[in-house]
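Examining the three-dimensional arrangement
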Amino acid sequence: MSEPAVEAKVEVKQASKEVKESENAAEKYSAMTVSKNSEMNMGELASVFSAVPTHKPVKKQIQFVEEKQEFSRFPTKTGRRSLSRSISQSSTDSYSSAASYTDSSDDETSPRDKTQINSKGSSDFCVKNIKQNEFGRREIEIAEQDMSALISLRKRAQSEKPLAGAKIVGCTHITAQTAVLIETLVALGAQCRWTACNIYSTQNEVAAALSETGVAVFAWKGESEDDFWWCIDRCVNTEGWQPNMILDDGGDLTHWVYKKYPNVFKKIRGIVEESVTGVHRLYQLSKAGKLCVPAMNVNDSVTKQKFDNLYCCRESILDGLKRTTDVMFGGKQVVVCGYGEVGKGCCAALKALGAVVSVTEIDPICALQACMDGFRVVKLNEVIRQVDVIITCTGNKNVVTRDQLDRMKNGSIVCNMGHSNTEIDVASLRTPELTWERVRSQVDHVIWPDGKRVILLAEGRLLNLSCSTVPTFVLSITATTQALALIELYNAPEGRYKQDVYLLPKKMDEYVASLHLTTFDAHLTELSDEQAKYLGLNKNGPFKPNYYRY
């Protein structure tokens, strides 16, 4: 027999041996699939897959929880469905679209209908499941690793307790990153009660972890509108505790206190607001002469606008769209409504992936910026029939109307990157002739009578925090800014701030930035005395006037 023939015969024998060992592993895989009495976890499933040989076959003995059993060679249809359901649930329940652990065993029960007690014996909270607190603690510890500047601020000021006596009621997204901020405020002496500013963005396990430590949290993922306002009220209206500071994201908490508890509102020492929508509401109150407390506009601080709004959205827009739709952006026709900092970030990310991006704008300056950045500025009605994806980020209302949604093509995606859910006219889609089909968490197909489907994400609410996560480091910048704004308003001598809306002092913006430079091992150049005198600056800053546009 020739040498090639011998080699071929050896290869066939080796291949037959590997196939046989693979079939043995498949039998074990089948056995686990149809098991009704034994318990299977992902570790055991991994051990089965590892039994399939790669180069050197290794036999693995599978240990069942209770006892060894004999099973049929192939899984039944029921068995296959059981495995599929098991894997699907573990994927969505353990790590949902917003990277949030969820216990599906009590999903049908409203937290308002349950009585829960933490390890300290307190029931002053309302979360999905207090037993998830250990998972939440791990999430918070992970977030702390990339929020070194905020942790540094906590360590520097902890001994001084600059927020001693502060009673802060907060309404923000409740995520691991926000939890680091809340625990920093507590470490600096504040008492906190917290609720969520978005019904879809709460990480249930993080809310549980905060409640376990004694922070009164009233929030869970998937609240109804009624739940949303009930949670806000429970934070404000509690016996023996009255807030003197507000940290808001969107203005809903401020609006509620102003309308429902005017006597409490008058005693507030300061409001810190971080969203376009909330700031707009504050300026309306101020213009009408109804703002009776000083407020800090964090949204327009440089460290919020240029980092959270621009760089954060540049990354998180893709994360949210990919997780929910699996869409490929190369060649897609995308319209971004609004070319502020959020819009700039979204456009840059989508352009980098090969999307054909157009922009709608009302502001000629922003429109000119879009043109100079290589984007076509259009009216939405001009391109509505050709567009594949629409992303709103204006802070306005009815940016995408029912008439425009009617004219969109089959399979189009519509989503919002602004804070409020007013930008897409979702209410107009809840009519008898249209069918809503939930296909994934936070993904709805709205079906027209002719069969056309429009994919609506997060029911028109904030996409990135409803459907994915956001970069921790960027949130550290925003959280540090918020903490300093609270400290400034709470400790400011009487008369420094009147009943108006203020921007964060430039020096404070620069301090926040400097705290984060160490992460990059960045080294600032220092002005000489002669250079400082020439520019008319203090060597330690601030280095730019308040009117400077970064």
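Quick look at the structure, then. (Residues numbered from 1 in each chain as written. Predicted model: local features only at pLDDT ≥ 70, side-chain atom pairs only at ≥ 80, totals over all residues. Heavy atoms only, no water.)

What about the overall build of the protein?
This is how it is decided: Secondary structure elements follow DSSP: runs of H or I of four or more residues count as helices, runs of E of two or more count as strands, with numbering from the N terminus. Buried, partly exposed and exposed residues are distinguished by accessible area as a fraction of the type maximum, computed with a 1.4 Å probe on protein chains only: under 20%, between the cut-offs, and over 50%, respectively. Surface exposure here means Shrake-Rupley accessible area, sampled with a 1.4 Å probe, where a residue is shielded only by the protein chains that are shown.
From N to C terminus, the protein includes 20 helices and 15 strands. Residues classed as buried in the protein amount to 50% of the 550 residues present. Total accessible area computed for the protein in this model is approximately 27,600 Å², and 51% of it derives from carbon and sulfur atoms.

Side note on the nonpolar core
For clarity, the threshold we go by: Buried Ala, Val, Leu, Ile, Met, Phe, Trp, Tyr and Cys residues form a nonpolar core when they are joined through side-chain atoms within 4.5 Å. In this description, contact between two residues means that some pair of their heavy atoms is separated by no more than 4.5 Å.
Residues Leu 163, Ile 168, Ile 174, Leu 185, Trp 194 and Val 217 are the most contacted members of the largest nonpolar core, which totals 53 residues. Among the secondary structure elements, those contributing two or more residues to this core are helix H4 (133-145), helix H5 (148-157), helix H6 (176-187), strand S2 (191-196), helix H7 (204-213), strand S4 (245-248), helix H18 (472-491) and helix H19 (506-517). A total of 10 residues in this core trace back to one element, the largest contributor, which is H18. For Val 217, the residues in contact, after removing those within four places along its chain, are Asp 124, Phe 125, Cys 126, Val 127, Ile 174, Trp 194, Ala 207, Leu 210 and Ser 211. One finds Ile 317, Leu 318, Val 357 and Val 443 within the second-largest nonpolar core, a separate group that totals 32 residues.

What about the sheet that holds strand S11 (residues 412-416)?
Applicable threshold: At least two bridges found by DSSP between two strands is the condition for calling them paired. Axis angles are defined between N-to-C directions and span 0 to 180 degrees, where every axis is a line fitted to C-alpha atoms and, for a helix, only to the segment in contact.
Strands sit in the order S9-S8-S7-S10-S11-S14-S13-S12 across an open sheet of 8 strands; the sheet is mixed. A single partner strand is all that each edge strand has here, and the edge strands are strand S9 (376-377) and strand S12 (435-440). Across 4 bridges, strand S7 (residues 333-337) lies against strand S10 (residues 389-392) in parallel orientation. Residue pairing in the sheet places Val 335 in a bridge with Ile 390 of S10. Where helix H13 (residues 341-352) meets the sheet, it contacts S7, strand S8 (356-360) and S10, and its direction lies at approximately 170 degrees from that of S7.

Here we look at the packing of H6 against H18
Rules: For classification purposes, angles smaller than 35 degrees are called roughly parallel, those larger than 145 roughly antiparallel, those between 65 and 115 roughly perpendicular, and all remaining angles oblique. Left-handed is the label given to a crossing in which the near helix is rotated counterclockwise from the far helix by less than a right angle, and right-handed is the label when the rotation is clockwise. Think of it as three bins: nonpolar holds Ala, Val, Leu, Ile, Met, Phe, Trp, Tyr, Cys and Pro, charged holds Asp, Glu, Lys and Arg, and polar takes everything else, Gly as well.
Contact geometry of H6 with H18 gives a least axis separation of 9 Å together with a crossing angle of 30 degrees. In this view, H6 runs roughly parallel relative to H18, as classed from their interaxial angle. H6 and H18 meet at a crossing whose hand is right-handed. Between H6 and H18, the contacting residues are Gln 177, Leu 181 and Leu 185 on the first element and Thr 472, Leu 475, Ala 479, Gln 482, Ala 483 and Leu 486 on the second. By residue class, the composition of the contact of H6 with H18 is 6 nonpolar, 3 polar and no charged.

Notes on the environment of Ile 317
Structurally, Ile 317 is set in helix H12 (residues 302-325). Considering only alpha carbons, one finds Ile 317 and Ala 349, 32 residues apart in sequence, at a separation of 7.8 Å. Leave out the neighbours within four places in its chain, and Ile 317 touches Cys 346, Ala 349, Ile 391, Met 417 and Leu 463.

Things to note about the pairing of strand S13 (residues 443-447)
Most of S13 is tucked away: 5 of the 5 residues are buried. Residues of S13 alternate between two faces, with Val 443, His 445 and Ile 447 on one and Asp 444 and Val 446 on the opposite face, all of them buried. In this sheet, S13 lies alongside S12 in antiparallel orientation, the contact comprising 5 bridges. Pairing of Glu 437 across the sheet is with His 445, part of S13.

A few points about unusual backbone geometry
Between Gly 541 and the following residue, Pro 542, the backbone shows a cis peptide bond with an omega angle of 0 degrees. Here Pro 542 is to be found in the segment after helix H20 (529-535). A positive phi angle is found at Asn 398, which is not glycine, with a value near 50 degrees. The exposure class assigned to Asn 398 is partly exposed, which follows from its relative accessible area of 37%.

Remarks on the pattern of salt bridges
To keep things clear, this is the line we draw: Salt bridges, as used here, are contacts in which a Lys or Arg side-chain nitrogen is within 4 Å of a carboxyl oxygen on Asp or Glu.
Applying the stated criterion across every chain yields a total of 20 salt bridges. Taking the shortest distance from any N to any O, the salt bridge between Arg 154 and Glu 144 comes out at 4.0 Å. Taken together, the residues Arg 154 in helix H5 and Glu 144 in helix H4 connect sequence positions 10 residues apart. Note on Glu 144: relative accessible area 22%, which makes it partly exposed. Each of the salt bridges in this network shares a partner with another, and the network as a whole consists of Arg 430, Arg 438, Asp 444 and Glu 459.

What to know about the packing of aromatic side chains
Each pair of aromatic rings is reported with the distance of its centres and the angle of its planes. As a reminder of what qualifies: For Phe, Tyr and Trp, where Trp contributes only its six-membered ring, two rings pair if their centres lie within 6.5 Å, and the inter-plane angle classes them as stacked under 30 degrees, edge-to-face over 60, or tilted in between. Note on geometry: a ring has a charge over it if NZ (lysine) or CZ (arginine) is within 6 Å of the ring centre and within 35 degrees of the ring normal.
Following the criterion strictly, the structure yields 10 aromatic pairs and no others. Centre to centre, the rings of Phe 218 and Trp 230 are 6.3 Å apart; their planes meet at 75 degrees, and the pair counts as edge-to-face. Of this pair, Phe 218 sits in strand S3 (residues 216-218) while Trp 230 sits in helix H8 (residues 225-236), and the two are 12 residues apart along the sequence. By relative accessible area, Trp 230 is classed as partly exposed at 23%. Feature note: the residues Phe 218, Trp 220 and Trp 230 constitute an aromatic cluster, connected by ring pairs. Over the aromatic face of Tyr 490 sits the side chain of Arg 269, whose NZ or CZ is 4.2 Å from the ring centroid. In this arrangement the basic side chain of Arg 430 is found over the ring face of Trp 436, its NZ or CZ atom lying 4.2 Å from the centre.

Considerations on H6
Operational definition: A helix is expected to reach a length of 1.5 Å times the quantity of its residues less one.
In a regular helix each residue adds 1.5 Å, so 12 residues correspond to 16 Å; H6 covers 16 Å between its end C-alpha atoms and thus fits that length. For H6, the buried fraction is high: 11 of the 12 residues fall into the buried class. Along H6, the residues classified as buried are Ala 176, Gln 177, Thr 178, Ala 179, Val 180, Leu 181, Ile 182, Glu 183, Thr 184, Leu 185 and Ala 187. Gly 189 sits one or two residues past H6 and shows a positive phi near 110 degrees.

Things to note about the sheet that holds S2
What the 7 strands build is an open sheet, ordered S3-S2-S1-S4-S5-S6-S15; its pairing is parallel. Looking along the sheet, the strands with just one partner apiece sit at the ends: S3 and strand S15 (501-503). In this sheet, neighbouring strand axes are inclined to one another by 20 degrees on average, regardless of whether the strands run parallel or antiparallel. Both S4 and strand S5 (residues 270-273) contribute to a ladder of 4 bridges, which runs parallel. The partner of Ile 246 across the bridge, within S5, is Ile 271. Taken strand by strand, H18 contacts strand S1 (167-172), S4, S5 and strand S6 (295-297), and its axis lies near 155 degrees from that of S4.

Here we look at the environment of Glu 274
Stated precisely, the cut-off is as follows: The definition of a polar contact used here is a pair of N or O atoms within 3.5 Å, where within protein one atom must be able to donate a hydrogen and the other to accept one, and adjacent residues in sequence count solely through side-chain atom pairs.
Looking at the element boundaries, Glu 274 is found in the loop between S5 and helix H11 (276-287). Each C-alpha atom of the pair Glu 274 and Asn 297 lies 6.5 Å from the other, and the pair is 23 residues apart in sequence. Once residues within four sequence positions are removed from consideration, Glu 274 is found in contact with Asp 248, Asp 249, Val 298, Asn 299, Lys 304, Asp 308, Thr 478 and Gln 482. A polar atom in the side chain of Glu 274 sits 3.1 Å from the side chain of Gln 482.

Read these as spatial facts, not as claims about activity.
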